[in-house]
Amino acid sequence: MEMMRSLRHVNIDHLHVGWYQSTYYGTFVSRALLDSQFSYQHAIEESVVLIYDPIKTGQGSLSLKAYRLTPKLMEVCKEKDFSVEGLKKASIAFESMFEEVPIVIKNSHLINVLIWELDKKAPVTEKHELLSLSSSNHLEKSLQLLMDRVDEMSQDIVKYNTYLRNASKQQQQKHQYVQRRQQENLQRQSRGEPALPEEDVNKLFKPPMPPPRMDSLLIAGQINTYIQNIKEFTSQNLGKLFMAEALQDQVNS
């Protein structure tokens, strides 16, 4: 707060509107980003997180996006109920976790002049790379990351299925224990003996802890991000291939 006041006194922007994070190949959907954005958005309602990808930008496509947590996800994070019932009650899916905020970049006239000057000074050898038909390692790396996230999702599904089996097995054991107690009490009652004292079954059979489901949603959201990046990258390459095929047909004719 002292720094904000000092910046305000010297007439410098001092109002926080969020934070930024650099990423590689669109890898940014994580629990750390979720917690950080929740803290900012809870304190500053209009805050956003800027995601910048220097690798994609270096290939000629500016990658700068802004995201916010949806109101539904904000409520879930406030209650800290990441169970299956809590997420189902809030109707949270990986598509409804983040909302993208449109970005408009405006440059001054001096910046536009500088960009034109730099473009003129750029070597000619770098400009023909946009027409290259070969796919760079960007697609290969994105596919590898996508496979890794799919493996994580598969492992998470296995953990959840194991939890369901253990919970079902424990319910059967609890039911069998209650039935045995009832039968034993009936036998004691027929013999004129007092019934056994009541016991808290929930203390004897503690339910297994369910795995957190928020991690699964984050993995699904990251998989969706990789798919969108691959879709965008391959659509550009396919466009160049079709254009090259049309030029080749025209030359042959």
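Residues numbered from 1 in each chain as written. Predicted model: local features only at pLDDT ≥ 70, side-chain atom pairs only at ≥ 80, totals over all residues. Heavy atoms only, no water.

The chain appears in an unreviewed UniProt entry as Eukaryotic translation initiation factor 3 subunit H from Staurois parvus. Entered under Sequence similarities (unreviewed entry) in the UniProt record, the comment concerning the chain runs "Belongs to the eIF-3 subunit H family." (UniProt positions renumbered as here; feature names shortened; annotations may be inferred.)

### Remarks on the overall build of the chain
For the chain, the count of helices and strands is ten helices and four strands. Along the chain, helices (α) and strands (β) appear in the sequence α-β-α-β-α-β-α-α-β-α-α-α-α-α when read from the amino end. The C-alpha radius of gyration of the chain comes to 29 Å, more than 25% above the 18 Å expected for a compact globule of 253 residues. Across its three principal directions, the C-alpha atoms of the chain cover 105 × 65 × 20 Å. Buried residues in the chain amount to 27% of all 253 residues. Intrachain contacts of the chain at a sequence separation of at least 6 include 73% that bridge at least 24 residues. (Helix = DSSP H or I, 4+ residues; strand = E, 2+ residues; numbered from the N terminus. Rg over C-alpha atoms; globule rule 2.2 N^0.38 Å. Buried < 20%, exposed > 50% of the residue type's maximum accessible area, 1.4 Å probe, protein only. Contact = heavy atoms within 4.5 Å.)

### Section: the sheet that holds strand 2 (residues 48-52)
The sheet built from four strands is open, its strands ordered 1-2-3-4 with mixed pairing. The open sheet has two free edges, formed respectively by strand 1 (18-22) and strand 4 (98-101), since each of these has just one partner strand. Ignoring which end each strand starts from, the neighbouring axes of this sheet average 30° apart. Two elements, strand 1 and strand 2, share five bridges in a ladder whose sense is parallel. Each bridged residue has a counterpart across the sheet, and for Y20 the counterpart in strand 2 is L50. (Pairing = 2+ DSSP bridges. Axes fitted to C-alpha atoms, helices over the stretch in contact; angles between N-to-C directions.)

### What to know about the pattern of salt bridges
Opposite charge on two side chains allows them to pair when their charged atoms are near. Inspection of the entire model under this criterion finds five salt bridges. Across the salt bridge formed by D35 and R31, the nearest N and O atoms sit 3.4 Å from each other. In this pair, D35 and R31 both sit in helix 2 (residues 31-43), four residues apart, roughly one turn of the helix. R31 sits in the partly exposed class, given a relative accessible area of 28%. E152 serves as the salt-bridge partner of R149, at 3.2 Å between the closest nitrogen and oxygen. (Salt bridge = Lys/Arg side-chain N within 4 Å of Asp/Glu carboxyl O.)

### Overview of the nonpolar core
Residues L73, M97 and M214 are the most contacted members of the largest nonpolar core, which totals 22 residues. Listed by contribution, the elements that provide at least two residues to this core are helix 2, strand 2, strand 3 (64-69), helix 4 (71-79) and helix 10 (214-252). Broken down by element, the residue count for this core peaks at four residues, all from helix 4. Once residues lying within four places of it in the same chain are set aside, the contact partners of L73 are L34, I92, M97 and M214. Ranked by size, the runner-up nonpolar core spans eleven residues in total, among them L145, L146, M153 and F233. (Core = buried A, V, L, I, M, F, W, Y, C linked by side-chain atoms within 4.5 Å.)

### Section: the environment of E45
Relative to the helices and strands, E45 resides in the loop between helix 2 and strand 2. Given the relative accessible area of 63%, E45 is considered exposed. For the pair E45 and V17, spaced 28 residues apart in sequence, the C-alpha to C-alpha distance is 8.9 Å.

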